[in-house]
Number of protein chains: 2
Amino acid sequence: MNRKISLAIVDDHPIVVQGLQMILTNNSDINVTGCFTSGSDFIEFLKNNEVDIVLLDIMLPDSNGMDVCKEIKSVSPNTCVLALSNHSERSIVMQMLQNGASGYLLKNVSVQELTNCIYEALNGEVAFSKAVKEILARPSANDLKGIPQLTKREKEVLQLIAEGKTTALMAKHLFVSPLTIETHRRNLLQKFEVKNVASLIKIAADHGLLKSIG
Amino acid sequence: MNRKISLAIVDDHPIVVQGLQMILTNNSDINVTGCFTSGSDFIEFLKNNEVDIVLLDIMLPDSNGMDVCKEIKSVSPNTCVLALSNHSERSIVMQMLQNGASGYLLKNVSVQELTNCIYEALNGEVAFSKAVKEILARPSANDLKGIPQLTKREKEVLQLIAEGKTTALMAKHLFVSPLTIETHRRNLLQKFEVKNVASLIKIAADHGLLKSIG
DNA sequence: TTTCTTCTACTGGTTTTCTGGTATTTTTTT
DNA sequence: AAAAAAATACCAGAAAACCAGTAGAAGAAA
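From a predicted model like this one, the values you see are computed outputs, not experimental measurements. (Residues numbered from 1 in each chain as written. Chains lettered and ligands numbered in written order. Predicted model: local features only at pLDDT ≥ 70, side-chain atom pairs only at ≥ 80, totals over all residues. Heavy atoms only, no water.)

## Comments concerning the sheet that holds strand E1 (residues 5–10) of chain A
Residue and element names in this part refer to chain A.
And step 1. In space, the six strands of this open sheet follow the order E2-E1-E3-E4-E5-E6, with parallel pairing throughout. Single-partner strands in this sheet number two, and they are strand E2 (30–36) and strand E6 (127–128).
And step 2. Sitting on the sheet, helix H2 (residues 39–48) is in contact with E1, E2 and strand E3 (53–57), with an inclination near 130 degrees to E2. (Pairing = 2+ DSSP bridges. Helix = DSSP H or I, 4+ residues; strand = E, 2+ residues; numbered from the N terminus. Contact = heavy atoms within 4.5 Å. Axes fitted to C-alpha atoms, helices over the stretch in contact; angles between N-to-C directions.)

Printed below as a string of structure tokens:
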């Protein structure tokens, strides 16, 4: 090993910071270079110091995690960002990753998982804690309101709508009257509690109800 | 250790089957209980035999992977299904998981990863190979055909359309004329080469261009 | 400065979706 | 056999989306 890994912690909860530090000082590869309670403090630090990886709480009081992450990556593209959060909402996870994070951990992460994820991230991989993988895998299972129960025909029509077919085309395709298709569409909108196909398709896609376009 | 893990392989490529068998016989915990070249053969077997985990190729000649997976879980809910595939399309991954798969591996998986994933799956976790995590994390970055380049305003409008807002509402929201919104929508349709918002939203969602609903 | 892109806005017309009803037939379940 | 659920079909009108073409103004890039 040539040199120690330079790691920073950004979190406004002293207890979390203490805990992380304790865990990480046991690891001889890792050097905790700095702890910060705000995103902007860390960005300043980053301008004059090299940091290999940062554990970033995404719920900071002053700024939001997304923006901090984006800024970190623009100031120092090679610094890995591991998002650390209590929030297990899928959309937040996705947004962080979209903004360049190397991974996402819930704060209930185990010590073993934490160190694994750090090494994975530094190795250029994407790192998730167990609970996060669960969220990414089964968006609907973690949903408050369940997916409406659809009939076979409704699923077919839903799929065809997503493929951009108009009522007339769908009717031909399924050998029924266009008026029947309209009824199905109407029932779909009602079941999903939306008022146009745009949101219908959005929600259906989020729930993994649609086939990918061949 | 009380008893060996019972593992089955379902794949129509003899070479893959051979390879998997070779790798797995080196592992004294695992007993390869059976190899099958079709989904229905395996389902039959499953009715009379206990299988802890099955490595399932999702591109079988006779049936499709989703349905086989669903059937496996209905015949034997405790059998873990690890999907094995060359296909790295996000929506396929999601569909398999939706249908009860415990994980998804691309066939370029390493030996180490494979065994890790098997243990993770048996342990009730969701298991992904490295490449799959990459896909889940950054849907857009892994696309073959590039996503059309969107302007800032177009992205905003796209998002609002996905949220089910009408032209009039979007116009109010963005403080512009409804006619301007219409133009943006039109440009979006043109850029994505589709002719209605349904397919627009479908494709945008597939590419991870939309925020998920909280 | 000129050019390119983006954002803005318009006219006018067509197609499709959406809304609120109703209702018969077929299939499934009890 | 009766009841419930699903698939089928219709009318008529309102609202929204879609199409084709044009074009000025602001801002960024050459």
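## Some details on the domain arrangement of chain A
How big an interface is tends to be stated in terms of the accessible area lost upon association of its parts.
And step 1. You can read the domains of chain A as domain 1 (5–137) and domain 2 (152–206).
And step 2. Between domain 1 of chain A and domain 2 of chain A, the C-alpha centre-to-centre distance is 43 Å. (Domains from an automatic or database assignment.)

## Here's the deal with the protein's contact with DNA strand D
And step 1. The local shell around DNA strand D holds 17 residues, among which A:Thr151, A:Ser177, A:Thr180, B:Thr167 and B:Arg186 are the closest.
And step 2. When atoms of DNA strand D within 4 Å of the protein are sorted by moiety, sugar and phosphate together comprise 61%.
And step 3. Between a phosphate oxygen of DNA strand D and a side-chain N or O atom of A:Arg153, the distance comes to 2.8 Å.
And step 4. At a separation of 2.9 Å, a phosphate oxygen of DNA strand D approaches a polar backbone atom of B:Val197.
And step 5. Elements with a minimum of two residues in the surface near DNA strand D: helix H7 (152–162) and helix H9 (178–192) of chain A together with helix H9 (178–192) of chain B.
And step 6. The element that contributes the greatest number of residues to the surface near DNA strand D is H9(A), accounting for four residues.
And step 7. A breakdown of the residues in the surface near DNA strand D according to their chemical character gives three nonpolar, eight polar and six charged. (Near = heavy atom within 4 Å. Polar contact = N/O pair within 3.5 Å; in protein donor to acceptor, adjacent residues only side chain to side chain. Nonpolar A, V, L, I, M, F, W, Y, C, P; charged D, E, K, R; others polar.)

## Remarks on the nonpolar core
And step 1. Grouped together as the largest cluster of nonpolar side chains are 41 residues, with contacts concentrated most on A:Ile161 and A:Leu200.
And step 2. Those elements that provide at least two residues to this core are H7, helix H8 (167–174), H9 and helix H10 (197–206) of chain A together with helix H7 (152–162), helix H8 (167–174), H9 and helix H10 (197–206) of chain B.
And step 3. In terms of residues, this core owes the most to one element, H10(B), which gives six residues.
And step 4. A:Leu200 has contacts with A:Leu158, A:Ile161, A:Leu188, A:Leu189, A:Phe192 and A:Val194, leaving out every residue within four places of it along the chain. (Core = buried A, V, L, I, M, F, W, Y, C linked by side-chain atoms within 4.5 Å. Buried < 20%, exposed > 50% of the residue type's maximum accessible area, 1.4 Å probe, protein only.)

## A closer look at the protein's contact with DNA strand C
And step 1. Taken together, the neighbourhood of DNA strand C is formed by 18 residues, with A:Thr167, A:Arg186, B:Thr151, B:Ser177 and B:Thr180 sitting nearest.
And step 2. By atom count, sugar and phosphate contribute 59% of the portion of DNA strand C lying within 4 Å of the protein.
And step 3. At 2.8 Å from a phosphate oxygen of DNA strand C is found a main-chain nitrogen or oxygen belonging to A:Val197.
And step 4. A distance of 2.8 Å separates a phosphate oxygen of DNA strand C from a polar side-chain atom of B:Arg153.
And step 5. Residue assignment for the surface near DNA strand C shows that the elements contributing at least two residues are H9 of chain A together with H7 and H9 of chain B.
And step 6. Grouping the constituent residues of the surface near DNA strand C by class yields four nonpolar, eight polar and six charged.

## Looking at the layout of surface pockets
And step 1. Of the pockets and cavities examined, the second largest pocket occupies roughly 1,000 Å³.
And step 2. For the second largest pocket, the lining is made up of 32 residues, of which A:Lys155, A:Leu209, A:Lys211, B:Lys70 and B:Gln95 are closest to its centre.
And step 3. Only H7 and H8 of chain A together with helix H3 (65–75) and helix H4 (90–98) of chain B provide two or more residues apiece to the lining of the second largest pocket.
And step 4. By residue number, the principal contributor to the lining of the second largest pocket is H7(A), which donates five residues.
And step 5. Taken together, the residues of the lining of the second largest pocket sort by class into eleven nonpolar, 13 polar and eight charged. (1 Å grid on protein atoms, 1.4 Å probe; cavity = no way out; pocket = protein on both sides within 12 Å on 5 of 7 lines; lining within 4 Å. Points joined across faces, edges and corners; volume = space filled by probe spheres on them.)

## Examining the pattern of salt bridges
One side chain can pair with another of opposite charge once the charged atoms of both are near each other.
All names here are of chain A.
And step 1. For the structure on display, the rule yields 22 salt bridges over all chains.
And step 2. Here glutamate 50 ties to arginine 3 by a salt bridge, and the two come within 3.6 Å at their closest N and O atoms. Of this pair, glutamate 50 sits in the loop between H2 and E3 while arginine 3 sits in the segment before E1, and the two are 47 residues apart along the sequence.
And step 3. Classification of arginine 3 as partly exposed rests on a relative accessible area of 44%.
And step 4. Three or more residues are tied together by salt bridges with common partners; here these are Arg3, Glu50 and Asp52. (Salt bridge = Lys/Arg side-chain N within 4 Å of Asp/Glu carboxyl O.)

## Remarks on the sheet that holds strand E2 (residues 30–36) of chain B
Residues and elements named next belong to chain B.
And step 1. With respect to topology, six strands assemble into an open sheet ordered E2-E1-E3-E4-E5-E6, the strand pairing being parallel. Lying at the two open borders of the sheet, with one neighbouring strand each, are E2 and strand E6 (127–128).
And step 2. The sheet contact formed by strand E3 (residues 53–57) and strand E4 (residues 80–85) spans five bridges and is parallel. Across the sheet, residue leucine 55 finds its bridge partner in E4, namely leucine 82.

## Some thoughts on the pairing of strand E5 (residues 103–106) of chain A
Residue and element names in this part refer to chain A.
And step 1. The two faces of E5 match: Gly103 and Leu105 on one face and Tyr104 and Leu106 on the other face are all buried.
And step 2. Pairing geometry for strand E4 (residues 80–85) and E5, over four bridges, is parallel. From the neighbouring strand, alanine 83 faces E5, where its bridge partner is tyrosine 104.
And step 3. Sheet analysis places E5 next to E6, joined by two bridges and oriented parallel.

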